[in-house]
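Close look at the chain arrangement
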Amino acid sequence: MLEKGYCLNCGKEIVGKYYYLDEDLLNDEKVFCSINCLFRNMLKTGKIKEVRVKDYCTDDLSAICKSCNKEYFAFDNELTRNKTLLVDKDGNEFCNADCCIDYYMNADEIILGRI
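Residues numbered from 1 in each chain as written. Predicted model: local features only at pLDDT ≥ 70, side-chain atom pairs only at ≥ 80, totals over all residues. Heavy atoms only, no water.

**Describing the nonpolar core**
In terms of nonpolar packing, the biggest core is built from 31 residues, with Leu38, Leu85, Cys100 and Ile110 touching the most fellow members. Elements with a contribution of two residues or more to this core: strand S3 (17–21), helix H1 (35–45), strand S4 (48–52), strand S7 (84–88) and helix H4 (97–106). A total of five residues in this core trace back to one element, the largest contributor, which is H1. Non-local contacts of isoleucine 110, meaning those with residues more than four positions away in its chain, are made with Tyr19, Tyr20, Leu21, Ile35, Leu38, Ile101, Tyr104 and Met105. (Core = buried A, V, L, I, M, F, W, Y, C linked by side-chain atoms within 4.5 Å. Buried < 20%, exposed > 50% of the residue type's maximum accessible area, 1.4 Å probe, protein only. Helix = DSSP H or I, 4+ residues; strand = E, 2+ residues; numbered from the N terminus. Contact = heavy atoms within 4.5 Å.)

The following block contains the structure:
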């Protein structure tokens with residue numbers, strides 16, 4: 001149980017509640033003050049990467065958001081083709097940060113702890 005810690009992303013002291021990834025359950029040093037800090041750290045460390053639809057979806061392949069099931073194709077209109085998607089290390093695709101966070105929360109991959 002965490003007694004006192006500091007956010008791994010922004011360095012703020014954690015007060016009241018904290019967030020961590022399930023895979024870091026036993027590591028008290030890998031805690032974050034907010035979901036946003038945890039998400040930004042996932043981007044920084046490469047657990048999630050940003051890709052453009054036009055670069056990621058080639059030929060007839062599409063990307064489907066794991067959370068909301070929206071589908072993206074390389075041959076969509078120019079606005080959609082330039083949209084940024086998020087892809088995690090397991091190959092799961094997300095259309096935005098909210099969908100990514102929702103998926104991880106619902107799958108119990110992001111866990112809320114209380115001090």
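**Focus on the packing of aromatic side chains**
Scanning all chains against the criterion turns up four aromatic pairs. Considering the side-chain rings of phenylalanine 94 and tyrosine 104, the 6.3 Å spacing of their centres and the 45° angle between planes classify their relative orientation as tilted. Pair noted here: phenylalanine 94 is in strand S8 (residues 93–94) and tyrosine 104 is in helix H4, with a separation of 10 residues, a long-range link. A residue is classified by how much of its surface remains accessible, and phenylalanine 94, at 1% relative accessible area, is buried. Owing to a relative accessible area of 7%, tyrosine 104 belongs among the buried residues under this scheme. (Phe/Tyr/Trp six-rings, centres within 6.5 Å; stacked < 30°, edge-to-face > 60°.)

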